[in-house]
Amino acid sequence: MNYSLSRSIYDVSKTYAILIDTTKWATAHTKTFTRRMNVCKNFKFLRIARNCIRNYAGRLPAPRSTNNAFTLEPLRQRELIRVHGAEVVPFLQGLVTNDVSRLQEANGPSSMYALFLNRGGRLMYDTIIYRTNDPDTFLLECDRDASSDFRRHLRMYRVRKRIDIDTVDDEYVPWVIFNENGRGDIRTHKAMDLFIAPDPRVGSMGTRVLAPADLNSTKLSKDLWRNHDVVAINPTPDSNYKLLRYKQGIGEGIEELPPGKCFPLEANADYLNGVSFNKGCYVGQELTARVHHSGVIRKRYMPIRFTAPVSSNQTVKSVAGANLGRVFGHAHNHGVALLRIEPVLHGDQQLVLDGERCFVDRPHWWPKDMTAKRGLAAME
């Protein structure tokens, strides 16, 4: 009996001690919490905290500039043709306006703009020639709608040369990367399966990328850029490759450069690094050289701006009714047209298209010091 009573008194004492310790802990933390709340009510503390937050926010990374935003677009209207053989250089050298042998030089370009002409010296097909790791193999970019005729044209001049000509449409797709602000320099990560080369015509036309056909834009962006200082965006109606060409005044493909309708210098081949006047003979070379040395070039492709939607009538006229040229492609109030140089650029005539005003700008990539001989010949 005495043992049970002693045990009960011990349990009650122990419980009372625990309650006292718990009360002390709660009281101490309540004072701490109250003290912290009092600090937060201190306006001096709040002002210091606000300044610290402001200073930290100033060290946050700034938004990416639009200068680093590049449009990445697949060129679905273009197709790649592979030309392979031990005699591929002399074969192409006799057909195109540019000097293909430069592609095999150690410090030569990685790509080259060139034109195929008919025997009368008129333009048939435009192309960009890419060199590969195999010196006997070149890739030729052409208009997809003209691919069959283009290959037939190549095979017609093959004669007995051992040259293989086939499409690689199921293997590689041409892409373009460009910046609307005029940046042409693009630092990319070197990938094993990608061929990267600047556009050989004008720097503002961006960079060409030949990528495997199974790559989409997301995967291609990761392969091109391993850092995050460049933003790749998809094409939009206001920012795309066709509109970029029209703003530059560069025609491309059989719709804008109809086969047999114009001469290479009228298509600005001399200003677009697309013709060599020092190489040997090629199909259509005689008339091209004669026009170049005489300086008589009355018409050229130029960028044109519209003030109203373009209808089926694509003839550019003066207010007096004189025909000055024709529009061959247009999008979003911009287009490319083959126009007479003197009345359009040096005259005071107002230009109209289907009764609506239109304007022509001298391309920025045209040489500023056009020779006096050529200028006088254009006025004749």
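Given the structure is predicted, the values throughout are model-derived calculations rather than measurements.

Thresholds, definitions, all that
Residues numbered from 1 in each chain as written. Predicted model: local features only at pLDDT ≥ 70, side-chain atom pairs only at ≥ 80, totals over all residues. Heavy atoms only, no water. Helix = DSSP H or I, 4+ residues; strand = E, 2+ residues; numbered from the N terminus. Buried < 20%, exposed > 50% of the residue type's maximum accessible area, 1.4 Å probe, protein only. Contact = heavy atoms within 4.5 Å. Pairing = 2+ DSSP bridges. Axes fitted to C-alpha atoms, helices over the stretch in contact; angles between N-to-C directions. Core = buried A, V, L, I, M, F, W, Y, C linked by side-chain atoms within 4.5 Å. pLDDT = per-residue confidence, 0-100. Salt bridge = Lys/Arg side-chain N within 4 Å of Asp/Glu carboxyl O. Polar contact = N/O pair within 3.5 Å; in protein donor to acceptor, adjacent residues only side chain to side chain.

Caption draft 1: Quick look at the overall build of the chain. Check the secondary structure of the chain and you find 10 helices and 16 strands. For the chain, the residues scored as buried account for 42% of the 380 residues in total. Across the chain, the fraction of contacts at a sequence separation of at least 24, relative to all contacts at a separation of at least 6, is 71%.

Caption draft 2: Local environment of the sheet that holds strand E1 (residues 69-74). Reading across from one edge, E8-E9-E7-E1-E10 is the order of the five strands in this open sheet, with mixed pairing throughout. At either margin of the open sheet sits one strand with a lone partner, and together these are strand E8 (195-198) and strand E10 (231-233). Within the sheet, the average angular offset between the axes of one strand and its neighbour, ignoring direction, is 25°. Pairing of E1 with strand E7 (residues 172-178), which is carried by four bridges, proceeds in the antiparallel orientation.

Caption draft 3: Up close: the pairing of strand E2 (residues 78-84). The element E2 is extensively covered by neighbouring structure, given that five of its seven residues are classed as buried. Relative to strand E5 (residues 137-143), E2 runs antiparallel, the two being bridged by seven bridges. The residue bridging Glu79 from the neighbouring strand is Cys142, located in E5. Pairing geometry for E2 and strand E6 (residues 164-167), over four bridges, is antiparallel. Paired with Ile81 across the strands is Thr167, a residue of E6.

Caption draft 4: Summary view of the nonpolar core. In terms of nonpolar packing, the biggest core is built from 50 residues, with Tyr301, Ile304 and Val316 touching the most fellow members. When neighbours within four sequence positions are excluded, Ile304 is seen to be in contact with Val316, Val327, Asn333, His334, Gly335, Val336, Ala337, Cys358, Phe359 and Val360. Judged by nonpolar contacts, the second largest core, of 26 residues, contains Val89, Leu92, Leu95 and Val283.

Caption draft 5: Highlighting the sheet that holds strand E3 (residues 111-117). What the five strands build is an open sheet, ordered E3-E4-E5-E2-E6; its pairing is antiparallel. If you trace the sheet from one side to the other, it starts and ends with E3 and E6, each paired once. The sheet shows a mean angle of 30° between the axes of neighbouring strands, direction not considered. Relative to strand E4 (residues 123-131), E3 is paired through seven bridges, and the arrangement is antiparallel. Bridge pairing in E4 places Phe116 opposite Tyr125. Sheet strands touched by helix H4 (residues 147-156): E2, E3, E4, E5 and E6. Its angle to E2, the strand with the most contacts, is close to 20°.

Caption draft 6: Representation of the confidence of the model for the chain. Scored by pLDDT, the chain has a mean of 81; 75% of the residues are at 70 or more. Predicted confidence for residues 1-9 stays below pLDDT 50, and this span has zero contacts to residues more than four positions away or in other chains. The low-confidence segment residues 33-66, where pLDDT is below 50, has seven contacts with residues more than four positions distant or belonging to other chains.

Caption draft 7: Quick peek at the pattern of salt bridges. Using the criterion set out here, one finds 18 salt bridges in the structure. Note that Arg144 and Glu79 form a salt bridge whose closest N and O atoms lie 3.6 Å from each other. Here Glu79 lies in strand E2 and Arg144 lies in the loop between E5 and H4, a separation of 65 residues in the sequence. By relative accessible area, which is 29% here, Arg144 ends up partly exposed. We classify Glu79 as buried; its relative accessible area is 6%. In this structure, Arg208 engages Glu252 in a salt bridge whose closest nitrogen and oxygen atoms are separated by 3.7 Å. Of the two residues, Arg208 sits in strand E9 (residues 207-212) while Glu252 sits in the loop between helix H6 (241-248) and helix H7 (253-256), which places them 44 residues apart along the sequence.

Caption draft 8: Inspection of the pairing of strand E13 (residues 323-331) at higher detail. The pairing of strand E12 (residues 315-318) with E13 spans three bridges and is classified as antiparallel. Counterpart to Val316 in the pairing with E13 is Gly325. A loop of four residues connects E12 with E13, the two strands running antiparallel in sequence, and Gly321 in this loop sits at a positive phi of about 105°. Bridge count for E13 against strand E14 (residues 334-340) is six bridges, and the pairing is antiparallel. Each bridged residue has a counterpart across the sheet, and for Arg326 the counterpart in E14 is Leu338.

Caption draft 9: Spatial organisation of the side chain of Glu256. Take Glu256: it is sitting in helix H7. For Glu256, a relative accessible area of 5% puts it in the buried group. In this structure the side chain of Glu256 is engaged in a polar contact, spanning 2.9 Å, whose partner is the backbone nitrogen of Glu252. In this structure, Glu256 is in contact with Arg245, Tyr246, Ile250, Gly251, Tyr301, Phe328, Gly329 and Val336, ignoring residues within four places of it in sequence.

Caption draft 10: Up close: the side chain of Glu252. On the basis of relative accessibility, which here comes to 9%, the residue Glu252 falls in the buried class. Here the side chain of Glu252 touches Arg201 through a polar contact of 2.9 Å, side chain to side chain. Look past the residues within four positions of Glu252 in its chain and what remains in contact with it is Arg78, Asp126, Arg201, Arg208, Tyr241, Arg245 and Leu257.

Caption draft 11: How the structure looks around the environment of Val291. Positionally, Val291 belongs in helix H8 (residues 285-294). In this structure the C-alpha to C-alpha distance between Val291 and Pro264, which are 27 residues apart in sequence, comes to 9.9 Å. What Val291 contacts, discounting residues up to four positions off in sequence, is Leu265, Val296 and Ile297.

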